[in-house]
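# Examining the three-dimensional arrangement
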Amino acid sequence: MSKTTEIAKQKSATAKPRVRAEVGPAMLGRDIFVQALEREGVEVIFAYPGGASMEIHQSLTTSKIRTILPRHEQGGSFAAEGYARATGKAGVCMGTSGPGATNLVTAIADAYMDSCPLIAITGQVSQAMIGRGAFQETDIIGVTLPIVKHSYLITDINDIPRIVKEAFYIAQSGRPGPVVLDFPKNIQQQKTQPVWPTLEEIKKGLPGYTQPDLKADDIALNEIMGLIEKAERPVIYCGGGIITSGAAAELKKFAEATNIPVTTTIMGVGGFPETHPLSLRWLGMHGSASANWAVNGEYEHRKTFDDPMVKLKDGADLLLAFGVRFDDRVTGKFEEFCKNGTIVHVDIDASELNKNRKAHLPVVGDIKDALTRLNKLVAKRPITKRHTPWLAQIAEWQKKAPFAYRITSEIANSDHMKDHLGGQENEVILQQMVVELLYEMTKGEAYITTGVGQHQMWAGQWYKYKYPRQFITSAGLGSMGYGYPAALGVKVALPDKQVIDIDGDGSFLMNIQELATAHIEKIAAKAIILNNQHLGMVVQWEDNFFEGNRGHTYLGDPDHRAQIYPDYVRVCNSFNVKCERVMYKKDLRAAIQRMLDADEPYVLDVVTPYSTHVIPFIPAGRTVADMIWKP
């Protein structure tokens, strides 16, 4: 026997037996696709059928996946987002080709902006018709290219198992985001034997995507420790990355061990308990004055934007930015944000580093891993400084400028107040009162969704969030109409939790058809409409910058201004959803209790003034010296 033959035999004897790929029985493309979804653990899909997707719906009728029929594709895709944000798992939505697909675009953009894992499935015309302007044909891959993490046009039935597994892996790993799957009808109708790949095989097939675990460098973490040891006025500033990475417990441990106060972005709300003594709440345009001062320093309020900035007290000398993107709504004028502090920025996405605000120490890495290792370093070399003078200064700011509201003569004399209160101005219901009372009555345990506008900010200010994924809102894109569909998705994910959409009348009306989904699917999501008959946030800007001139921001009936229009009680009742209107403060508590006690969808229409402003307020692109913080 030759030496070569002997070596070959030895290799053969020690080699691991090759694992044969799992091959299924022959089935239609549509059935392969649905089975692929089942294999990814999909429990629910929000899907509206049409000509190019109806075959997939036929397969879903025999699947263990729960199919929820929304009344509009946008409503379904927002619901899928709500499900994803409540669970951390990819939400799944589906529409047909053309208009069905384009109706998903807003939610896809929303998921992209807020790093939400979303699988958006679209039917497509048969391959032979693509590019011919066929009925209900749209190039949804082209339309969504700038707002997806990845997208696929399925061109081969044998690729379905691989593509679906890749899509879920991409959507849920790293910095999460939306993935579009465009599925031509002819491939749904073809037949083959599926070959089911493993996750390891999938990862090997994505060399441009799969990287070594993104872990912060040891030297960088030790440098962070050195900066903390030297700092006199440190602040932790954290965002949605804390929640996405599941790092809330590690963050709390780190903050307590170092005795450093924590502020969050809107996306990061709940990542650190807002009832904690070290919590500064959230910062930015409508965030707490104390958080804004802690990061930037306190300045004398300037009369015009061109006046010099006069500092009264110093802000942070060290800003630990964890899982944030330095959004303009947080920073205001980028170059003035934490101007005098050393900025450390840790993020899993290298493209965010130095994008909006230059960091003195930019670090690429998963924030949960980074905080876990920082906690080990703190355990080995405890931080002896307790930052007592700094925390005393923060306490002074918190006492000086808490979230607050008051009833002004302008509020008492505004439409609907003078029309309906009839001299009982003390019975006026301010929007802040509603959220404050809801927080008290739910003991801070409810899961809150919102639309977009003033009500969104008040929901963030007056409800204190204790848990990650408890506050679910469209933050980056700011999509009106988001609140109630998202509440449906959250309630489906968390059926035993109290789920309440705090909404405005403008936002709620945009997807009001989803009341039908709530009733028919028996999804007991609640809604409180803070109804001021106006686009409240735009009105606030009109008051501040356009001398109160109304540029089409009135939503009521101009010929009958004393009416509440539309009549949400009648509208909701037409969907067989219970609704009541509340106009007097004395009736509010009992009405909220009835809503909380209901085991079905329930809407409270609370009439409020349109002249209430969200305070604090830092005008867009301006600085903390321009902050209005007294109500």
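This report concerns the structure included in the present document.

What counts and what doesn't
- Residues numbered from 1 in each chain as written.
- Predicted model: local features only at pLDDT ≥ 70, side-chain atom pairs only at ≥ 80, totals over all residues.
- Heavy atoms only, no water.
- Axes fitted to C-alpha atoms, helices over the stretch in contact; angles between N-to-C directions.
- Helix = DSSP H or I, 4+ residues; strand = E, 2+ residues; numbered from the N terminus.
- Parallel < 35°, antiparallel > 145°, perpendicular 65-115°, else oblique.
- Left-handed = near helix turned anticlockwise from the far one by under 90°.
- Contact = heavy atoms within 4.5 Å.
- Nonpolar A, V, L, I, M, F, W, Y, C, P; charged D, E, K, R; others polar.
- Salt bridge = Lys/Arg side-chain N within 4 Å of Asp/Glu carboxyl O.
- Buried < 20%, exposed > 50% of the residue type's maximum accessible area, 1.4 Å probe, protein only.
- Polar contact = N/O pair within 3.5 Å; in protein donor to acceptor, adjacent residues only side chain to side chain.
- Arc of directions from axis to C-beta.
- Pairing = 2+ DSSP bridges.
- Phe/Tyr/Trp six-rings, centres within 6.5 Å; stacked < 30°, edge-to-face > 60°.
- Lys NZ or Arg CZ within 6 Å of the ring centre and 35° of its normal.

## Digging into the packing of helix H2 (residues 29-39) against helix H8 (residues 160-172)
Taken N-terminus to C-terminus, the directions of H2 and H8 make an angle of 30°; their axes are 9 Å apart at the nearest point. One way to sum up the angle between H2 and H8 is to call them roughly parallel. Remark: the crossing between H2 and H8 carries right-handed chirality. Residues Gly-29, Ile-32, Phe-33, Ala-36 and Leu-37 of H2 pack against Ile-160, Pro-161, Val-164 and Phe-168 of H8. Each residue belonging to the contact of H2 with H8 can be placed in one class, and the counts come to 8 nonpolar, 1 polar and no charged.

## Considering the pattern of salt bridges
Within this structure, the stated rule accounts for 36 salt bridges. Of the charged contacts, one joins Asp-31 and Arg-30 as a salt bridge, the two residues approaching to 3.8 Å between their closest N and O atoms. Asp-31 sits in the partly exposed class, given a relative accessible area of 25%. Residues Glu-81 and Arg-85 are paired through a salt bridge, measuring 2.8 Å at the closest nitrogen-oxygen approach. With Glu-81 and Arg-85 both in helix H4 (residues 73-87) and 4 residues apart, the pair spans about one turn of that helix. As far as the burial class goes, Glu-81 and Arg-85 line up, both buried.

## Topic: the side chain of Ser-279
Checked against the element boundaries, Ser-279 lands in strand S13 (residues 279-282). Of note is the side chain of Ser-279, whose polar atom sits 3.0 Å from the backbone nitrogen of Arg-281. When near neighbours in sequence (up to four residues on either side) are disregarded, Ser-279 contacts Val-262, Phe-272, Pro-273, Glu-274 and Gln-398.

## Some details on unusual backbone geometry
Cis geometry marks the peptide bond from Tyr-565 to Pro-566, where omega comes out at -5°. Cis geometry is found at the peptide bond from Ile-615 to Pro-616, where omega equals 0°. Note that Pro-616 resides in the segment after strand S24 (602-607). Although it is not a glycine, Asn-259 sits at a positive phi angle of roughly 60°. A relative accessible area of 17% means that Asn-259 is categorised as buried.

## Observations concerning helix H27 (residues 588-597)
Those residues of H27 lying buried are Leu-588, Ala-591, Ile-592, Met-595 and Leu-596. The buried residues of H27 occupy an angular sector of 135° when the element is viewed end-on, so they sit on one face. The inward-facing, buried residues of H27 contact helix H20 (431-442), strand S21 (499-504), strand S22 (526-531), strand S23 (578-582) and S24.

## Notes on the sheet that holds S24
Here we have 6 strands laid out as an open sheet, ordered S20-S19-S21-S22-S24-S23, and parallel in their pairing. Strand pairing shows two members of the sheet lacking a second neighbour, strand S20 (471-472) and S23, which therefore form its edges. In this sheet, S22 lies alongside S21 in parallel orientation, the contact comprising 5 bridges. Bridge assignment links Asp-501 to a residue of S22, and that residue is Ala-527. Across the sheet, helix H22 (residues 483-493) touches strand S19 (447-450), S20, S21 and S22, and the angle it forms with S21 is around 175°.

## Details of helix H25 (residues 536-545)
Taken residue by residue, H25 has Gly-536, Met-537, Val-539, Gln-540 and Glu-542 as its buried positions. Buried residues along H25 sit in contact with helix H21 (454-462). After H25 finishes, the residue Glu-547 shows a positive phi value of roughly 55°.

## Here's the deal with the sheet that holds strand S5 (residues 91-95)
Sheet architecture is open: 6 strands sit in the order S4-S3-S5-S6-S8-S7, paired in parallel fashion. Pairing within the sheet leaves two strands with one partner each, and these edge strands are strand S4 (66-68) and strand S7 (150-153). Averaged over all neighbouring strand pairs, the angle between strand axes comes to 20°, with direction disregarded. Relative to strand S6 (residues 118-124), S5 runs parallel, the two being bridged by 5 bridges. Looking across to S6, one finds that Gly-95 is bridged to Thr-122. Strands in contact with H8 are S5, S6, S7 and strand S8 (178-184); relative to S8, the strand with the most contacts, it is inclined by about 160°.

## Some details on the packing of aromatic side chains
Two numbers describe a pair of aromatic rings. These are the distance of the centres and the angle of the planes. Per the counting criterion, the structure on display carries 20 aromatic pairs. Summarising the aromatic geometry, the rings of Phe-33 and Phe-183 are spaced 4.8 Å apart at their centres and angled 35° between planes, so their arrangement reads as tilted. On the criterion of sequence distance, the pair formed by Phe-33 in helix H2 and Phe-183 in strand S8 is long-range, its members being 150 residues apart. The residues Phe-33 and Phe-183 share a single accessibility class, namely buried. Between Tyr-439 and Tyr-463 the ring centres are 5.1 Å apart and the planes differ by 80°, which places this aromatic pair in the edge-to-face class. Placement of Tyr-439 in helix H20 and of Tyr-463 in the loop between H21 and S20 is noted, with a sequence separation of 24 residues between them. A relative accessible area of 22% means that Tyr-439 is categorised as partly exposed. Residue classification places Tyr-463 among the buried residues on the basis of a relative accessible area of 0%. The positively charged end of Arg-561 is found above the aromatic ring belonging to Tyr-554, 4.1 Å away from the centroid.

By themselves these figures say nothing about function.
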